[in-house]
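Analysis of the macromolecular model
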Amino acid sequence: MKLSTASLLSSATLLVGSSAPGILAFTVRSSNISFSTSSKASSQLKMASSSTGNPTNSVFLTPETAKQCIETANGTPLYAYSKQKLIDNADKCLAFPNAYGLTVRYAMKACPNGTILKLFHSKGIHIDASSGYEVRRAMAQGVPPENISLSTQELPHDFAELVDMGVKVNACSISQLERFGKHYSGKGQKVGVRVNPGVGSGGFSASSTGFSKTNVGGPASSFGIWHELVEDGTVGKIVEEYGLEVERIHTHIGSGSDPAVWQAVATKSLSFCKIFPTVTALNLGGGYKVGRNEGEPTTDLQEIGEPVAEAFRTFAKENGGRELKLEIEPGTYLVAMAGALVTTVQDKAFTTGSEGHVFLKMDAGMTDVLRPSLYGAIHPITILPGSGKTQDVGEETESVVVVGHCCESGDLMTPQPGEPEALAERKLRKAEIGDIIVMDGSGAYCAGMSTKNYNSFPEAPEVLVDEEKEQVHLIRARQPMEQIWVNECVPQDLF
């Protein structure tokens, strides 16, 4: 990138005022990279990012720190996570209003990296697992079985072994409850019951009852036991038949929950608790909306939590002093904006005519961030200079379509909002081949939901940016190419 002196001065003044030298120093140290960032400069950089449609840095990465992440991971693409943002988000969840006690469970499917699991465990956060494999993965990172709750579409064949270790299971269907009951018949085994309350909320749907890929409540959702089967006594009969003890009611209505819907479901969920006098906790799931893009709201946990806490107090007054504990299961809220995909502009192409476009081709794509192709999700995109130097940030912009590296027409990073198959242009800083692209909001359901190995691309590495110690740590190495086919078997006598 070539810039005039005036442009450089203007850019530097906008970014960091007189503190520019403070953000440029960094040194490489084996597998970690240390960096120096002036707090004043960081503050001004964050302000610049939030106040302009063409941000000069990402949510937590400056050109310098992005370059350091690349050095640590030995190239792009990579996922970067901010340790400080993870801690800040954890603290907000742990402060969720409650009447009689709170357990925060991290929905580990959002980002199951072992370092992140350990970080949240160190904060006192428990685990919400969605499969028996996730349970094993969490335990392998030192999470005690008794701190893990399993709510799954597929009850694992070894569920009893997990339960006997101390793992808590929420029956998510009538057949799951039957299987659980038959195994523990007459033993007074404690169990949770996940209920579909009849409504839901999805980040890409305005309907609370219709289908949406991120809506897990309502008649169009298969998640949980339909509420009428709880209310008509069907569940109660199974519980009584096998001598089970329902200790927990669980509801979860989907990602991007509307606060009003969430609060209404919380109140309704308490009515399910009333049916079972042995219930001591109500788990209300997660799904708290996170604003990834300018103008999108982020759920205020205090705002939605206070009425829920009051509802718990009212329940206690009306039910002989029953003080229920609250459980929540944030995933996106904890990690979405604490993570970013860092990639490189590896090619640039264009078409002409009235329907022509300029295309930026990343060295990443749906193999790393599937959400745009799957949901039509919109991620903030920032172009940073390939040099990794703030003084090389340019001012010229252009409207582009950003695409991935897969031989797949659906590998589109800038779809129309909510329309995975419709492309949209994005006005970004003018990029050249070799520049850095940062896709923010990639901490949740990206690394953990990647289509790795499509086109035989290897799994991307992950790094953790430790702002306090001024280091970047490698927390997952890039997948060796040979691992892609290591489990393949070719019969010797086939050819």
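Parameters at a glance
Residues numbered from 1 in each chain as written. Predicted model: local features only at pLDDT ≥ 70, side-chain atom pairs only at ≥ 80, totals over all residues. Heavy atoms only, no water. Buried < 20%, exposed > 50% of the residue type's maximum accessible area, 1.4 Å probe, protein only. Helix = DSSP H or I, 4+ residues; strand = E, 2+ residues; numbered from the N terminus. Polar contact = N/O pair within 3.5 Å; in protein donor to acceptor, adjacent residues only side chain to side chain. Patch = residues over 30% accessible without salt bridge, like charges linked within 9 Å, V, L, I, M, F, W, Y side chains within 5 Å. Areas by Shrake-Rupley, 256 points an atom, 1.4 Å probe, with all protein chains shown as cover. Salt bridge = Lys/Arg side-chain N within 4 Å of Asp/Glu carboxyl O. Axes fitted to C-alpha atoms, helices over the stretch in contact; angles between N-to-C directions. Parallel < 35°, antiparallel > 145°, perpendicular 65-115°, else oblique. Contact = heavy atoms within 4.5 Å. Nonpolar A, V, L, I, M, F, W, Y, C, P; charged D, E, K, R; others polar. Phe/Tyr/Trp six-rings, centres within 6.5 Å; stacked < 30°, edge-to-face > 60°. Pairing = 2+ DSSP bridges. Left-handed = near helix turned anticlockwise from the far one by under 90°. Core = buried A, V, L, I, M, F, W, Y, C linked by side-chain atoms within 4.5 Å. pLDDT = per-residue confidence, 0-100. Lys, Arg positive; Asp, Glu negative; His and termini not counted.

**Quick notes on helix α5 (residues 114–122)**
Along α5, the residues classified as buried are Gly114, Ile116, Leu117, Leu119 and Phe120. For α5, the N-terminal capping position is held by asparagine 113, with its side-chain oxygen 2.9 Å away from the main-chain nitrogen of threonine 115. Of the residues trailing α5, glycine 124 is marked for its positive phi of about 90°.

**Concerning a nonpolar patch on the surface**
A cluster of nonpolar side chains, contributed by Val490, Leu494 and Phe495, occupies part of the molecular surface with about 400 Å² of accessible area. You can see leucine 494 is positioned in the segment after β22 (471–476).

**Some details on the packing of helix α8 (residues 174–183) against helix α10 (residues 234–242)**
Geometrically, a packed helix pair is captured by the angle between its two axes and the distance between the axes. At a closest axis distance of 9 Å, the pairing of α8 and α10 adopts a crossing angle of 10°. As far as their axial angle goes, α10 and α8 are roughly parallel. Two secondary-structure elements touch here, α8 through Ile174, Leu177, Glu178, Gly181 and Lys182 and α10 through Thr234, Val235, Ile238, Val239 and Tyr242. Across the contact of α8 with α10, the residue classes tally to six nonpolar, two polar and two charged.

**Some details on the packing of aromatic side chains**
Applying the stated criterion across every chain yields a total of five aromatic pairs. On the numbers, 5.1 Å between centres and 40° between planes, the contact of phenylalanine 180 with tyrosine 184 is tilted. Here phenylalanine 180 matches tyrosine 184 in class, with each residue buried. Counting every residue linked through ring pairs, the aromatic cluster contains Phe96, Tyr288 and Tyr333.

**As for the pairing of strand β10 (residues 245–250)**
Within β10, five of the six residues are buried, leaving the element largely enclosed by the surrounding structure. Examined bridge by bridge, strand β8 (residues 190–196) and β10 share five bridges and lie parallel to one another. For glycine 192, the partnering residue across the bridge sits in β10 and is arginine 248. Relative to strand β11 (residues 281–283), β10 runs parallel, the two sharing three bridges. Counterpart to isoleucine 249 in the pairing with β11 is leucine 282.

**Describing the pattern of salt bridges**
A complete count under the given rule lists twelve salt bridges for this structure. One salt bridge in this structure joins glutamate 327 and arginine 105, with 3.1 Å as the shortest N-O distance. Of this pair, glutamate 327 sits in strand β12 (residues 325–328) while arginine 105 sits in strand β4 (residues 102–107), and the two are 222 residues apart along the sequence. For glutamate 459, the salt bridge is made with arginine 476, and the minimal N-O distance between the two is 3.4 Å. Taken together, the residues span a long stretch of sequence, with glutamate 459 in the loop between β20 (436–440) and β21 (462–466) and arginine 476 in strand β22 at a distance of 17 residues. Taking relative accessible area as the criterion, glutamate 459 reaches 13% and is therefore assigned buried. Here the residues in one salt-bridge network are Lys452, Glu459, Glu462 and Arg476, joined through shared partners.

**Topic: the packing of helix α4 (residues 83–94) against α5**
Packing of α4 against α5 brings their axes to within 10 Å, and their N-to-C directions diverge by 40°. With respect to each other, α4 and α5 are oriented oblique. Viewed along their axes, α4 and α5 form a crossing whose handedness is right-handed. Contact residues: Lys83, Leu86, Ile87 and Ala90 in α4; Ile116, Leu119 and Phe120 in α5. Here the residues of the contact of α4 with α5 are counted per class, giving six nonpolar, no polar and one charged.

**Details of the nonpolar core**
The biggest cluster of nonpolar side chains holds 93 residues, and the ones touching the most others in it are Tyr106, Phe120, Ile249 and Val335. If you tally residues by element for this core, the top one is helix α12 (residues 301–318), at six residues. If sequence neighbours within four positions are ignored, isoleucine 249 has contacts with Val193, Val195, Ser269, Phe272, Cys273, Phe276, Val279, Ala281, Leu282 and Asn283. Core analysis: the second largest hydrophobic core is formed by 16 residues, Ala66, Ile70, Ala80 and Val463 among them.

**Things to note about the environment of serine 173**
For serine 173, the location among the structural elements is in the loop between β7 (168–171) and α8. A distance of 3.2 Å separates polar atoms of two side chains, one belonging to serine 173 and the other to serine 175. Within polar-contact distance, the side chain of serine 173 engages the backbone nitrogen of glutamine 176 at 3.1 Å.

**Focus: unusual backbone geometry**
Excluding glycine, a negative phi dihedral is what most residues carry, and trans is how most peptide bonds are arranged. Here the amide bond leading from threonine 76 into proline 77 is cis, since omega sits at 0°, within 30 degrees of zero. The backbone of asparagine 74 shows a phi angle near 60°, a positive value even though the residue is not glycine. Within the secondary structure layout, asparagine 74 lies in the loop between α3 (63–73) and β3 (78–82). The backbone of tyrosine 445 sits at a positive phi, close to 55°, despite the residue not being glycine. Inspection of the secondary structure puts tyrosine 445 in the loop between β20 and β21.

**Observations regarding the confidence of the model for the protein chain**
Summarising the model, the protein chain shows a mean pLDDT of 86, and 83% of its residues fall at 70 or more. Taken as a whole, residues 1–53 scores under 50 in pLDDT and shows 96 contacts with residues more than four places along the chain or in a different chain. This stretch, residues 203–215, has a pLDDT under 50; its non-local contacts, to residues over four places away or in other chains, come to 37 contacts.

**Re α3**
Taken across its eleven residues, α3 has nine buried, putting it largely inside the fold. Three or more residues of α3 are buried, namely Pro63, Glu64, Thr65, Ala66, Gln68, Cys69, Ile70, Thr72 and Ala73. A positive backbone phi angle near 60° is found at asparagine 74, which sits one or two residues after α3.

**A look at the side chain of arginine 322**
Looking at where arginine 322 falls in the secondary structure, it is placed in the loop between α12 and β12. One buried charged side chain, arginine 322, makes no salt bridge at all; its nearest oppositely charged neighbour is glutamate 245, positioned 9.8 Å away. Among the polar contacts made by the side chain of arginine 322, one reaches the main-chain carbonyl oxygen of phenylalanine 276 at a distance of 3.2 Å. Excluding residues within four positions of it along the chain, arginine 322 makes contact with Cys273, Lys274, Phe276, Pro277, Val279, Phe315 and Ala316.

**Focus: the side chain of glutamate 329**
Within the secondary structure layout, glutamate 329 lies in the loop between β12 and α13 (332–335). Among buried charged residues, glutamate 329 stands out as having no salt bridge; its nearest opposite-charge side chain is arginine 105, 5.0 Å away. Among the polar contacts listed, one links the side chain of glutamate 329 to the side chain of asparagine 283, at a separation of 2.8 Å. Discounting chain neighbours no more than four positions away, the residues touching glutamate 329 are Arg105, Ala107, Asp128, His250, Asn283, Gly285 and Gly286.

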